[in-house]
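# Per-entry structural report
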Amino acid sequence: MIRSLRVACLLAFTSVTKGNIRIALLTMLILILVALNLVFVPGLLDGLAWGANDKLINTYSSDIVIESGGASHFIPDVGQLLSEIRQIDGVDSVTARNYIGAEIEYEGKYLGAAVYGVNPDTEREVFTIADSMAEGNYLDADDVDTIVLGIQIAGADDTELELYARSLQSVHAGDTVTVTYTNNIVKEYTVKGIYYTEFIQTDLQSHISEGEFETIAPYLSDNASAVYVKTAEDADIDEITRRIMYTTEGLRITTWEDHAGLVDSMTESFEIIEIIIDTVNLLVAGITVFIVTYIDVAHRRRQIGIQRAIGITPAAITLSYVIRAVFYTVVALSLSMIIYRFGIIPLEARYPFHFPFGDVFLQISPFVLIRTALLLFAVSVISALLPVRGVIRTKIIDAIWG
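Heads up: these notes are all about the structure in this document. (Residues numbered from 1 in each chain as written. Predicted model: local features only at pLDDT ≥ 70, side-chain atom pairs only at ≥ 80, totals over all residues. Heavy atoms only, no water.)

Our next topic: the overall build of the chain. Each helix and strand counted, the chain has 13 helices and twelve strands in total. Taken over C-alpha atoms, the radius of gyration comes to 32 Å for the chain, far larger than the 21 Å a tight globule of 402 residues would show. Referenced to the eigenvectors of the C-alpha coordinate spread, the extents of the chain come out at roughly 100 × 50 × 30 Å. Per-residue burial over the chain gives 47% buried out of 402 residues. (Helix = DSSP H or I, 4+ residues; strand = E, 2+ residues; numbered from the N terminus. Rg over C-alpha atoms; globule rule 2.2 N^0.38 Å. Buried < 20%, exposed > 50% of the residue type's maximum accessible area, 1.4 Å probe, protein only.)

Applying the stated criterion across every chain yields a total of two cavities of 30 Å³ or more. Size it by volume and the largest cavity reaches roughly 40 Å³. Together, Val39, Pro42, Gly43, Asp46, Tyr340, Gln363, Ile364, Ser365, Val368 and Leu369 line the largest cavity. Those elements giving two or more residues to the lining of the largest cavity turn out to be α2 (21-61) and α12 (366-392). In terms of residue count, the dominant contributor to the lining of the largest cavity is α2 (four residues). If you add up the space inside the second largest cavity, you get close to 40 Å³. Every residue along the wall of the second largest cavity is listed here: Thr27, Val289, Val292, Thr293, Tyr321, Arg324, Ala325 and Tyr328. Of all the elements in the fold, those that place two or more residues in the lining of the second largest cavity are α9 (261-299) and α11 (314-350). With four residues, the top contributor of residues to the lining of the second largest cavity is α11. Considered class by class, the residues forming the lining of the second largest cavity number five nonpolar, two polar and one charged. (1 Å grid on protein atoms, 1.4 Å probe; cavity = no way out; pocket = protein on both sides within 12 Å on 5 of 7 lines; lining within 4 Å. Points joined across faces, edges and corners; volume = space filled by probe spheres on them. Nonpolar A, V, L, I, M, F, W, Y, C, P; charged D, E, K, R; others polar.)

This part is about unusual backbone geometry. A positive phi angle, close to 60 degrees, is found at aspartate 145, a residue other than glycine. Residue position: aspartate 145 is located in the loop between β4 (133-136) and β5 (146-150). Positioned with a positive phi, asparagine 184 is a non-glycine residue whose angle comes to about 75 degrees.

Here we take up the layout of surface pockets. Size it by volume and the largest pocket reaches roughly 360 Å³. As for the largest pocket, its lining consists of 20 residues, and the residues nearest its centre are Glu67, Tyr99, Ser225, Ala226 and Tyr228. Of all the secondary-structure elements, those providing two or more residues to the lining of the largest pocket are α2, β1 (64-68), β2 (91-106), β3 (109-118) and β9 (226-231). The element best represented in the lining of the largest pocket is β1, accounting for three residues. Among the residues making up the lining of the largest pocket, the classes are represented as eight nonpolar, nine polar and three charged.

There is a patch of nonpolar side chains on the surface, built from Leu283, Ile287, Phe290, Ile291, Tyr294, Ile295, Ile382 and Leu386 and spanning about 760 Å² of accessible area. For the nonpolar patch, the secondary structure elements donating two or more residues are α9 and α12. For the nonpolar patch, the element with the most residues is α9, which contributes six residues. Mapped onto the secondary structure, isoleucine 295 falls in helix α9. Taking relative accessible area as the criterion, isoleucine 295 reaches 40% and is therefore assigned partly exposed. (Patch = residues over 30% accessible without salt bridge, like charges linked within 9 Å, V, L, I, M, F, W, Y side chains within 5 Å. Areas by Shrake-Rupley, 256 points an atom, 1.4 Å probe, with all protein chains shown as cover. Salt bridge = Lys/Arg side-chain N within 4 Å of Asp/Glu carboxyl O.)

All right, on to the packing of aromatic side chains then. One pass over the structure, following the stated rule, counts five aromatic pairs. Both rings, one in phenylalanine 127 and one in tyrosine 228, keep their centres 5.4 Å apart while their planes meet at 70 degrees; by these two values the pair is edge-to-face. Placement of the pair is phenylalanine 127 in the loop between α4 (120-126) and β4 and tyrosine 228 in strand β9, with a sequence separation of 101 residues. Relative accessible area serves as the criterion here: at 3%, phenylalanine 127 is assigned to the buried category. Across from the ring centre of tyrosine 116, 5.4 Å away, lies the NZ or CZ of arginine 97, which sits over that ring. The lysine or arginine in question, arginine 341, covers the ring of phenylalanine 342, its NZ or CZ lying 5.3 Å from the ring centre. (Phe/Tyr/Trp six-rings, centres within 6.5 Å; stacked < 30°, edge-to-face > 60°. Lys NZ or Arg CZ within 6 Å of the ring centre and 35° of its normal.)

Inspection of every chain in the model, using the stated rule, returns eight salt bridges. The partner of glutamate 212 in a salt bridge is lysine 187, and the shortest N-O contact between them spans 2.7 Å. Placement of glutamate 212 in helix α7 (residues 210-216) and of lysine 187 in strand β7 (residues 186-195) is noted, with a sequence separation of 25 residues between them. According to the relative accessible area criterion, glutamate 212 is buried, its value standing at 2%. Here aspartate 278 makes a salt bridge to arginine 371, at a shortest N to O gap of 3.3 Å. Here arginine 371 lies in helix α12 and aspartate 278 lies in helix α9, a separation of 93 residues in the sequence. Overall, arginine 371 belongs to the partly exposed group, its relative accessible area being 22%.

Turning to the nonpolar core, a few remarks are in order. Considering soluble globular proteins, one finds that nonpolar side chains tend to be buried as a cluster. With 31 residues, the main nonpolar core has Leu31, Ala285, Tyr340 and Leu376 as its most contacted residues. The element that contributes the greatest number of residues to this core is α2, accounting for 14 residues. Ignoring any residue separated from it by four or fewer positions in sequence, one finds leucine 31 in contact with Ala285, Val289, Tyr328, Thr329, Ala332, Leu376 and Ser380. Among the nonpolar cores identified, the runner-up in size contains 28 residues, and Leu168, Val171, Val179 and Tyr181 belong to it. (Core = buried A, V, L, I, M, F, W, Y, C linked by side-chain atoms within 4.5 Å. Contact = heavy atoms within 4.5 Å.)

Bear in mind that shape data such as this cannot, by itself, settle questions of function.
Following this line, the structure appears as structure tokens:
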């Protein structure tokens with residue numbers, strides 16, 4: 001066995017060094033492109049899912065959402081609840097929101113929307129909406145008679161918005177809108193700012209300060225429609241959720257994953273696309289190695305017959321082609337990983353892909369790298385074995401004389 005391995009290595013070395021260099025380079029180039037595709041596509045799709053989840057957490061749901069689990073849609077004694085939650089290990093920050101249905105009017109255009117009463121200071125600690133202002137500024141704690149609108153409500157004359165036709169279309173910071181609440185209170189507000197997070201569910205919201213909300217619905221003082229919890233980076237969300245449940249009864253607690261239905265559906269679709277693309281790439285790699293090996297075997301048919309006649313075993317000859325295929329794959333994988341890590345990723349980070357919810361950056365997953373290497377090795381070995389078996393099964397005299 002050791003002797004066959006030594007002979008196979010010698011034959012493979014001779015084949016690589018004495019063979020057609022252009023064919024070898026072309027083979028490795030195709031394998032490099034296949035390996036890059038096998039890494040790039042999952043990296044892009046992982047980056048897409050990560051970007052969508054990041055927007056969801058930082059602008060819409062936070063890490064944990066607490067709502068009333070009873071007949072009432074509001075959480076009572078919210079001040080005490082917030083104080084207790086802040087004392088739980090792993091909790092970074094927490095904020096509460098109230099909401100009330102309303103109709104917003106501007107220059108004869110009407111739009112139904114939920115108006116949220118927020119604490120601007122704690123809101124900034126949990127969400128990044130205040131960092132996504134397209135016009136004007138976000139709320140301050142003492143603001144009254146002012147409102148901040150999501151761009152999908154305001155429109156802001158941006159005709160490329162997904163819901164522009166259903167928006168107020170031409171509202172800008174500094175304009176005055178009329179808000180009619182479901183409790184029949186009508187107020188005029190100056191639009192202090194318009195935010196654009198690129199997450200549609202968030203951009204369909206409108207915010208007023210907590211103090212302003214209490215003038216609209218004083219009966220909801222010290223109540224909240226929902227409490228949002230931002231956890232520390234390495235915190236155990238499940239443990240924090242259990243701790244919160246012990247503080248107050250009658251709560252319904254969900255995590256950001258429970259609000260990621262749209263993102264999950266999108267991710268599942270991407271996984272199907274990834275499987276299709278990977279299958280095509282592996283077929284290309286397999287066919288390339290098969291054709292190169294087949295042509296080489298066909299040209300060396302007589303030489304292989306002579307090698308068998310002088311005592312070189314079929315196993316050594318077969319193994320030599322496998323070793324050559326593995327060598328091509330190792331070189332291709334090494335070069336592709338270098339190109340991906342030090343070329344493609346920095347370039348994409350500088351000029352990122354832009355999707356409807358923001359910029360997307362390539363991700364590097366050790367699992368994907370290992371999977372790519374194993375798949376490419378398996379395909380290369382199998383594709384090298386298939387054409388060699390036919391010649392090895394041929395009688396020596398037939399191989400020599402054709």
